[in-house]
Amino acid sequence: QNGIERPQGYTVSFHYNPEVEQHHFGSKHPMKPWRLQLTKQLVFGYGLHYAMDLNESLPASMSELARFHDNDYLNFLRYIKSPADIQKRHREELNRYVFTDEFNDCPIFDGIWDYVTLCTGATLEAAHSLSSGQSDIAISWSGGLHHAKKRQASGFCYVNDIVLAIQHLLEKYVRVLYIDIDVHHGDGVEAAFFNTDRVMTLSYHKYGEFFPGTGGPDDTGPKGYTEPGAYFSLNVPLEDGIDDKDYEWLFRRITGKTIEVYRPEVIVLQCGADSLGGDRLGKFNLNIKAHGKCVEFVKSHNLPILILGGGGYTPRNVARTWCHETALCVGATLHDELPSFIPYRQAFEGPSHGSGLLYPELNIKRLSHPKTYERKDLETCAARCEDQLRCIAH
Ligand code: TV1
Ligand code: CA
Ligand code: ZN
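Thresholds, definitions, all that
- Residues numbered from 1 in each chain as written.
- Chains lettered and ligands numbered in written order.
- Predicted model: local features only at pLDDT ≥ 70, side-chain atom pairs only at ≥ 80, totals over all residues.
- Heavy atoms only, no water.
- Core = buried A, V, L, I, M, F, W, Y, C linked by side-chain atoms within 4.5 Å.
- Buried < 20%, exposed > 50% of the residue type's maximum accessible area, 1.4 Å probe, protein only.
- Helix = DSSP H or I, 4+ residues; strand = E, 2+ residues; numbered from the N terminus.
- Contact = heavy atoms within 4.5 Å.
- Near = heavy atom within 4 Å.
- Polar contact = N/O pair within 3.5 Å; in protein donor to acceptor, adjacent residues only side chain to side chain.
- Areas by Shrake-Rupley, 256 points an atom, 1.4 Å probe, with all protein chains shown as cover.
- Nonpolar A, V, L, I, M, F, W, Y, C, P; charged D, E, K, R; others polar.
- Donors = N, O, S within 2.8 Å, 3.2 Å for Na, K, Ca; no water.
- Tetrahedral: all angles 85-135°; square planar, octahedral: opposite > 155°, others 65-115°.
- Axes fitted to C-alpha atoms, helices over the stretch in contact; angles between N-to-C directions.
- Parallel < 35°, antiparallel > 145°, perpendicular 65-115°, else oblique.
- Left-handed = near helix turned anticlockwise from the far one by under 90°.
- Expected span 1.5 Å × (residues − 1).
- Phe/Tyr/Trp six-rings, centres within 6.5 Å; stacked < 30°, edge-to-face > 60°.
- Pairing = 2+ DSSP bridges.

(A) Quick look at the nonpolar core. Ranked by size, the top nonpolar core spans 118 residues in total, and within it Leu48, Ile166, Tyr204, Tyr247, Leu306 and Ile307 carry the most contacts. The element contributing the most residues to this core is helix α5 (residues 112–131), with 10 residues. Beyond its immediate sequence surroundings of up to four residues, Tyr204 is in contact with Ile179, Asp180, Ile181, Asp182, His184, Val236, Leu238, Tyr247, Leu250, Phe251, Ile254 and Thr255.

(B) Spotlight on helix α6 (residues 161–169). Here α6 lies mainly inside the structure; eight of its nine residues are buried. Within α6, burial applies to Asp161, Ile162, Val163, Leu164, Ala165, Ile166, His168 and Leu169.

(C) Just the site of ligand 1, in detail. With respect to spatial proximity, 20 residues lie near ligand 1, and among them Asp105, His146, His147, Asp274 and Tyr313 are the closest. At 2.7 Å from an oxygen atom of ligand 1 is found a side-chain nitrogen or oxygen belonging to His146. In the complex, 71% of the free accessible area of ligand 1, which totals 800 Å², lies under the protein chains. Residue composition of the shell around ligand 1, by class: seven nonpolar, eight polar and five charged.

(D) Seen up close, the coordination of the calcium ion (ligand 2). Listed as protein donors to the calcium ion (ligand 2) are Asp180 (O), Asp180 (OD), Asp182 (O), His184 (O), Ser203 (OG) and Tyr204 (O); their distances from the metal cover 2.5 to 3.0 Å. Around the calcium ion (ligand 2), the six donor atoms sit at angles spanning 69 to 165°, and that spread fits a shape best called irregular. Within one chain, the residues serving as donors to the calcium ion (ligand 2) are arranged as D-x1-D-x1-H-x18-S-Y. With a gap of 22 residues between them, Asp182 in the loop between β4 (176–180) and α7 (187–192) and Tyr204 in strand β5 (residues 199–206) connect regions that are remote in the sequence. The same class applies to Asp182 as to Tyr204, namely buried.

(E) Local environment of the coordination of the zinc ion (ligand 3). Every protein donor of the zinc ion (ligand 3) is listed here as Asp182 (OD), His184 (ND1) and Asp274 (OD), and their distances to the metal cover 1.9 to 2.0 Å. Sequence spacing among the residues donating to the zinc ion (ligand 3) works out to D-x1-H-x89-D. Pair noted here: Asp182 is in the loop between β4 and α7 and Asp274 is in the loop between β7 (266–270) and α9 (288–299), with a separation of 92 residues, a long-range link. The buried category is assigned to Asp274, whose relative accessible area is 0%.

(F) Up close: the packing of α5 against α6. Orientation of α5 relative to α6, taken along the N-to-C sense of each, is 20°, at an axis distance of 9 Å. Accordingly, the angle class assigned to the pair α5 and α6 is roughly parallel. The chirality of how α5 crosses α6 is right-handed. Across from Thr120, Thr123, Leu124, Ala127, His128 and Ser131 in α5, the residues of α6 making contact are Asp161, Leu164, Ala165, His168 and Leu169.

(G) Representation of α5 within the structure. If you check α5, its first and last C-alpha atoms are 29 Å apart, about what 20 residues at 1.5 Å a residue would give, namely 28 Å. Within α5, 17 of the 20 residues are buried, which leaves it mostly tucked inside the rest of the structure. Among the residues trailing α5, Gly133 stands out with phi positive, at a value near 80°.

(H) Main features of the packing of aromatic side chains. Evaluated as defined, the whole model comprises 14 aromatic pairs. When the centroid spacing of 4.7 Å and the interplanar angle of 35° are considered together, the rings of Phe25 and Phe109 count as tilted. One end of the pair, Phe25, is in the loop between β1 (12–16) and α1 (35–45); the other, Phe109, is in the loop between α4 (83–97) and α5, with 84 residues separating them in the sequence. For the residue pair Phe25 and Phe109, the accessibility class agrees, reading buried in each case. With centroids separated by 5.1 Å and ring planes inclined at 40°, the aromatic side chains of Tyr204 and Phe251 adopt a geometry described as tilted. Of this pair, Tyr204 sits in strand β5 while Phe251 sits in helix α8 (residues 244–262), and the two are 47 residues apart along the sequence. Neither Tyr204 nor Phe251 differs from the other in exposure class; each is buried. Site record: aromatic cluster; members linked through ring pairs are Tyr204, Tyr247, Phe251, Phe284 and Phe297.

(I) Focus on the pairing of strand β3 (residues 137–140). Side chains Ile137 and Ile139 project from β3 onto one buried face, and the interleaved Ala138 and Ser140 project onto a second face that is buried too. Examined bridge by bridge, β1 and β3 share three bridges and lie parallel to one another. Residue pairing in the sheet places Ser13 in a bridge with Ala138 of β3. The sheet contact formed by β3 and strand β8 (residues 305–308) spans four bridges and is parallel. Paired with Ile139 across the bridge in β8 is Ile307.

Bear in mind that shape data such as this cannot, by itself, settle questions of function.
In structure tokens, the structure reads:
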């Protein structure tokens, strides 16, 4: 079994439905659900499935989604026909009257209802696996869709599986810590729990002329400082080109202090892989191992963890990252050379595919974004976060 063993003393569960990966946002759209197929192939190629409980999850039901979302919005998603569908019937009028924007973040595509309910179903099943004590670390790579609002799709996200999972966790746990290492601000999750101190949200992201534009240093929760939730939104706005060393330093310092002060009973970790160097949309310079150190650091606190996906727009690197992080969860060390027998191995191969190495390897080394900050900016940022954390008293 490739030397992969079950972890001693704790259980890891993996929640997934292979139908998700069959959906397409459109050929030019950066969100590629098939990155989940690549991820799963690496996970299985390395034999990591021997070390976890595997679950083929069911789609979430309408009533489960309605615990956060508006019924009218959900019915729209459920019954809307994709443009391709409409086009078949009204091709001529459509070409005459409709300007179809090529940069539509949230297109209506075939099977959209199946897609959103499958992504959410996996995350809700993972949350249930934790709350029922069946597992200690539950993984749902198709989840992590942090921008979706109560009645509005935003930034490639239609249904907010994270909010729904946290709502479920709140039935059992008193304090939930949400940590978001996607390169974008976790605005939808922050907004949903803005007025409560039972959920603390902590997002690391690029800030300044970047989607969604929120998550600045003064975005800390409701401004009346006696209101519940005041100071329980913590944001770490970052500049282009942040590297492994600086990110690890900030992440450990701020996340460590947050866990110490807030004392969560469970942690939800959104592992968006668009914070990697070489991402098609992101602007950071992280290597896979540095991204993974965030997962390792969170795990080292021995609390139940819900591990979610999110962004990630260079599919071969998304798969590498999430496979590496699955291995960290089960406590396995993987050989850097990718398994030779996985389907689609060519997707990971060759200099023209990015790694520049003779054999496809798990780590990536070629990074691209110029650094636009100085050491003192990081110090200021960390000090400001610590000031905010001092305002949280239990
Ligand atoms: C269709 C085709 C849509 C090509 C969108 C990049 C496209 C983008 C496309 C794109 C693109 C964004 C904005 C638009 C402000 C809006 C999963 C009015 C080459 C969690 C979502 C980013 C990130 C949205 C999601 C962003 C996540 N960037 N090509 N769209 N304008 N939208 O900037 O956090 O990773 O880029
Ligand atoms: Ca983030
Ligand atoms: Zn993102």
